[in-house]
Amino acid sequence: MSTFLGMPATAPRGVGNLRGDESFPAAARKALGNDQLRRNLGHATTTIRAKSGAVIGELPDWQELRSAGSALKAATMARLPELLLQLEENVTRAGGVVHWAADANEANRIVTELVRATGEQRVIKVKSMATQEIGLNEALEEAGIEPIETDLAELIVQLGNDKPSHILVPAIHRNRSEIREIFLREMPGVDPALTDEPVVLAGAARRYLRETFLSTKVAVSGANFAIADTGTLVVLESEGNGRMCLTLPETLITVMGIEKLVPTWQDLEVFLQLLPRASTGERMNPYTSMWTGVTPGDGPQSFHLVLLDNGRSAVLADEVGRQALHCIRCSACLNVCPVYERTGGHAYGSVYPGPIGAVLSPQLTGVEDNASLPYASSLCGACFDACPVKIDIPSILVHLRNEVPHPRTERAAMAAAAYTMDHPKLYAAAQHAAKLTKLAGHRLPPPLNGWTASRDLPEPPPETFRDWWAKR
Amino acid sequence: MSSRDVVLGRIRAALGDDAAPPAGIPRDYRRGDQPADLDLLVHRLEDYKAVVHRGVSVAETVAALAPDPLIVPPGINPDWLPAGVEVLHDDGLSADVLAVAGGVLTAATVAVAETGTIVLDGSPDQGRRVISLLPDLHICVVRADQVVASVPEALTRLAPQRPLTWISGPSATSDIELNRVEGVHGPRRLHVILLEASDHE
Ligand code: SF4
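Per chain, residues are indexed from 1 in the order of the written sequence. Each chain is given a letter, starting from A, and each ligand a number, starting from 1, according to the order in which they appear as written. For this predicted model, a pLDDT threshold of at least 70 governs which residues receive local features, and a threshold of 80 or more governs which side-chain atom pairs are given and counted, while totals over whole chains, interfaces and linings are taken from all residues. Here the side-chain values reflect all heavy atoms present in the structure, with hydrogen atoms and water set aside.

## Structural notes on the sheet that holds strand β9 (residues 164-167) of chain B
Item 1. One bridge is not enough; two strands pair if DSSP finds at least two bridges between them. The helix and strand labels rest on DSSP assignments: H or I over at least four residues marks a helix, E over at least two residues marks a strand, and numbering proceeds from the N terminus. Across the sheet, 8 strands lie side by side as β8(A)-β5(A)-β6(A)-β9(A)-β9(B)-β6(B)-β5(B)-β8(B); this open sheet has mixed pairing. Both edges of this open sheet fall to β8 (261-262) of chain A together with β8 (147-148) of chain B, since each of them pairs with a single strand only.

Structure, rendered in structure tokens:
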């Protein structure tokens, strides 16, 4: 099928990190065999859920805020062209330069050329989903430019030659002794007597990165929000590495998906309350930076904003699926998902893991390139309840399953098996049946074997996710 | 065709002609007019490991913290400066100097009681963003009349064209097994001096 200029388009193949090397079932099978991974994940998701539930409980108007957030996002999408132009005008008026990137290749080219124009060989980076999505680090390295991730978790991932496994806590799959080993092996000048105390490990990262912060002249960031009627960019973070990157360098390049828009300054009041509580379980994250263009004498004197499509217009074209663009990347849906909790983020093969990844990735790439992801869910509905902007992920999953180019029987089997993962009695029965029929390993008997032919069955959960959620 | 035209064209095609006019936004969440609760602000700040001082003299409190040298923005209230502490007024000090300073003293623009947040907006008594970032100790003076109850009220008091830094406790990470560690890259210590109407500055 040929596409015409100006028609919605999916993210191109061969660049970026939206497609895995293998299908979800194959990747999940490996993850299910990793006990350490499951323990780390279980601990992390349980902890974050408890924290988040407590601070959400403090707000009497949480549901009203969710409804406002949901309506604001829908209104933003309906007026996207007009609001993007308003953003462009306001950023430009404040001294910034706006670039438009149709896809990952173009965004990478724009950023690479901007860095080249400064004559610098190194950039510091604030954690950014958008730049991971387009594979910016790989593109910069190819151009002889060294990108340095400055978020502690991203640094752990980068030094470990690894991939992030969670939106919010990218190194959630690593425990302290693994992190210590990575630092000892990969961090130049690290104290060989390093212990695995978190405070000691964080101190090592601080020493390692300080000099880099002070001596690097170009930074690349993402953005949590961009406000159309003021041209203001917003980044939420905890460590201060964001503030370092956003204020110390001479040049700042921000790469932002076109869906991150917020219509007005006032609307920020909704999202600034929803995001931290749903995400890290904090009333407010330690640091939030807001800037509008450039400020003479304070911070970078050269600011570039790259507006990225890379498949978003294709998502927008689907009336059912487009609400996936409302996502504010809080990761709450990951932390409540029984399937994510067992498989971890890598199994999803995309920078966007968990329930939101299962709907966003196939839409960005075209469903044929991520055909197993709409099945990476038991449709238990917990993600919908947890989502601070009320994205109906289960409905989008069902909708996408109907578009998957699988034979009917296979689809039915995958759906049944995913359902089984969230229902302990069925699950136990299936495991028992598998033993009786002496199928190799923990395999399910027909008709479920279509899905489990390539994976082991994990232990069933002690209670269903829904029961647990209902008791919260 | 420029990429700008391509992207805008794609979005318009995706939305189609029948893009429904956006419905109204339900705003029945709390938007303001609550009284600001100073005790709540203190509680929230302390919950995030900031140290709060009330009913004290700024100069004496700063002196006791002994930051040496002390960085201050150009418009700092001179009455706040203690004798016997080396003070460096920021007139574009280099990052290297800031990174080894003992601490920084700034004012604030707004504080949010419900979240334990203070906001700096780059005014002369708050200075460049970098001065409150590189030193290991940040001492921030907040007046009671700057405290609002909630995030919506804070936004109405702020000017979006200024560079804004919202601070809730010192720098922190939870990236290693979700253990909270204070001070990765930003200041490891945050002290807030709360000036109430009864205090004479
Ligand atoms: S889909 Fe909702 S819950 Fe999931 S990351 Fe996005 S905003 Fe958060």
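## A short note on the interface of chain A and chain B
Item 1. Counting from both sides, the interface comprises 93 residues of chain A and, opposite them, 72 residues of chain B.
Item 2. Buried area is calculated as the accessible area (1.4 Å probe) missing from two parts once they are joined, with the contributions of both summed. Both faces considered, chain A and chain B share a buried interface measuring about 7,200 Å² in area, 61% of it formed by carbon and sulfur atoms.
Item 3. A per-residue breakdown of the area chain A buries against chain B is headed by A:Arg206, A:Arg243 and A:Arg283, which together make up 10% of the total.
Item 4. Salt bridges are defined as contacts in which a side-chain nitrogen from Lys or Arg sits within 4 Å of a carboxyl oxygen from Asp or Glu. Here chain A is connected to chain B by 11 salt bridges.
Item 5. As a salt-bridge pair, A:Asp267 and B:Arg27 come within 2.6 Å of each other at their nearest N and O atoms.
Item 6. Identification of polar contacts relies on pairs of N or O atoms within 3.5 Å, with a donor-acceptor requirement for protein atoms, meaning one able to donate a hydrogen and the other able to accept it, and with residues adjacent in sequence counted only if both atoms are side-chain atoms. At the junction of chain A and chain B, the tally comes to 36 residue pairs in polar contact (both at pLDDT 80 or more).
Item 7. With 10 residues, helix α10 (residues 198-215) of chain A is the single largest residue contributor to the side of chain A that touches chain B.
Item 8. A per-class count over the side of chain A that touches chain B returns 51 nonpolar, 22 polar and 20 charged.
Item 9. Summarising the sheet, strand β9 (residues 287-292) of chain A and β9(B) pair through 4 bridges and their orientation is antiparallel. Looking at β9(B), one finds that A:Thr288 is bridged to B:Trp166. Here a residue-residue contact requires only that any non-hydrogen atoms of the pair lie within 4.5 Å. For this classification, the nonpolar set comprises Ala, Val, Leu, Ile, Met, Phe, Trp, Tyr, Cys and Pro, the charged set comprises Asp, Glu, Lys and Arg, and every other residue, Gly included, is treated as polar.

## Quick word on the nonpolar core
Item 1. By size, the foremost hydrophobic cluster in this structure holds 148 residues, and its most contacted members are A:Phe183 and B:Trp166.
Item 2. Looking at this core, the element that brings in the most residues is helix α12 (residues 268-279) of chain A, giving 7 residues.
Item 3. In these notes, a set of buried Ala, Val, Leu, Ile, Met, Phe, Trp, Tyr and Cys residues joined through side-chain atoms within 4.5 Å is what counts as a nonpolar core. In this scheme, a residue with accessible area under 20% of its type's maximum is buried, one over 50% is exposed, and one in between is partly exposed, where area comes from a 1.4 Å probe on protein chains only. The next biggest cluster of nonpolar side chains, apart from the first, holds 20 residues, and it includes A:Val15, A:Val123, A:Leu136 and A:Val255.

## A closer look at the packing of helix α16 (residues 354-365) of chain A against helix α18 (residues 393-401) of chain A
All names here are of chain A.
Item 1. Only the stretch in contact is used when fitting a helix axis, every axis being a line fitted to C-alpha atoms; angles between N-to-C directions are given from 0 to 180 degrees. At a closest axis distance of 10 Å, the pairing of α16 and α18 adopts a crossing angle of 40°. In terms of axis orientation, α16 runs oblique to α18. Here α16 runs over α18; the crossing is left-handed. Residues Pro355, Ile356, Ala358, Val359, Pro362 and Gln363 of α16 touch α18, and the partners they reach there are Ile393, Ile396, Leu397 and Leu400.
Item 2. Counted by class, the contact of α16 with α18 contains 9 nonpolar, 1 polar and no charged residues. Note on terminology: angles under 35 degrees are roughly parallel, angles over 145 are roughly antiparallel, angles of 65 to 115 are roughly perpendicular, and the others are oblique. Left-handed describes a crossing whose near helix is turned anticlockwise from the far helix through less than a right angle; right-handed describes the clockwise counterpart.

## Observations regarding helix α2 (residues 38-47) of chain B
Residues and elements named next belong to chain B.
Item 1. Within α2, burial applies to Leu38, Leu41, Val42, Arg44 and Leu45. Summarising the axial view, the buried residues of α2 lie within an arc of 165°, below the 170-degree limit, and thus occupy one face.
Item 2. Buried-residue contacts for α2 involve β1 (51-54), β5 (110-112), β6 (117-120), β8 and β12 (189-195).
Item 3. Positive backbone phi, approximately 70°, marks Lys49, located one or two places after α2. Comment: arc refers to directions from the helix axis out to C-beta atoms.

## Side note on unusual backbone geometry
Item 1. The omega torsion of the bond from B:Asp68 to B:Pro69 falls at -5°, within 30 degrees of zero and hence cis.
Item 2. You can see B:Pro69 is positioned in the loop between α3 (58-65) and β2 (70-72).
Item 3. Although it is not a glycine, A:Arg329 adopts a positive phi angle of roughly 55°.
Item 4. As for its placement among the helices and strands, A:Arg329 is situated in the loop between α13 (312-316) and α14 (332-335).
Item 5. If you check the backbone angles, A:Leu379 has positive phi at about 55° while not being a glycine.
Item 6. When you line up the elements, A:Leu379 lands in the loop between α16 and α17 (382-386).
Item 7. According to the relative accessible area criterion, A:Leu379 is partly exposed, its value standing at 29%.

## Description of the side chain of A:Asn310
Residue and element names in this part refer to chain A.
Item 1. Mapped onto the secondary structure, Asn310 falls in the loop between β10 (302-308) and α13.
Item 2. Among the residues examined, Asn310 registers a relative accessible area of 2% and is labelled buried.
Item 3. For Asn310, the side chain forms a polar contact with the main-chain nitrogen of Ala104, separated by 2.9 Å.
Item 4. Not counting residues up to four positions away in its chain, the partners in contact with Asn310 are Ala11, Pro12, Leu18, Ala101, Ala102, Asp103, Ala104, Glu133, Ile134 and Leu364.

## Quick look at the sheet that holds strand β3 (residues 87-89) of chain B
Residue and element names in this part refer to chain B.
Item 1. Overall, parallel pairing links the 6 strands, which are arranged β1-β12-β7-β4-β2-β3 in an open sheet. Looking at which strands have only one partner, the edges of the open sheet turn out to be β1 and β3. Averaged over neighbouring strand pairs, the angle between their axes works out to 25° when direction is ignored.
Item 2. Relative to strand β7 (residues 137-143), strand β4 (residues 103-107) is paired through 4 bridges, and the arrangement is parallel. The residue bridging Val104 from the neighbouring strand is His138, located in β7.
Item 3. Together, β1 and β12 form the strand contacts of α2, whose direction differs from that of β1 by roughly 150°.
Item 4. Those strands touched by α3 are β1, β2, β4, β7 and β12, and its axis lies near 165° from that of β12.

## With respect to the site of the ligand
Item 1. Proximity is defined per residue: if any heavy atom of the residue lies within 4 Å of a molecule or strand, that residue is considered near it. The ligand sits among 13 residues. The nearest are A:Cys327, A:Cys330, A:Ser331, A:Cys333 and A:Cys387.
Item 2. When its residues are assigned to classes, the shell around the ligand shows 11 nonpolar, 1 polar and 1 charged.

## Re the confidence of the model for chain A
Item 1. This prediction gives chain A a mean pLDDT of 87; 85% of its residues lie at or above 70.
Item 2. Confidence per residue, as judged by the predictor, is encoded in pLDDT with a range of 0 to 100. Counting contacts from residues 434-472 of chain A, a segment whose pLDDT is below 50, to residues more than four positions away or on other chains yields 81 contacts.

## What to know about the confidence of the model for chain B
Item 1. Mean pLDDT over chain B: 92, with 97% of residues reaching 70 or higher.
Item 2. Taken over the whole predicted complex, pTM reads 0.90, whereas the ipTM for its chain interfaces reads 0.96.

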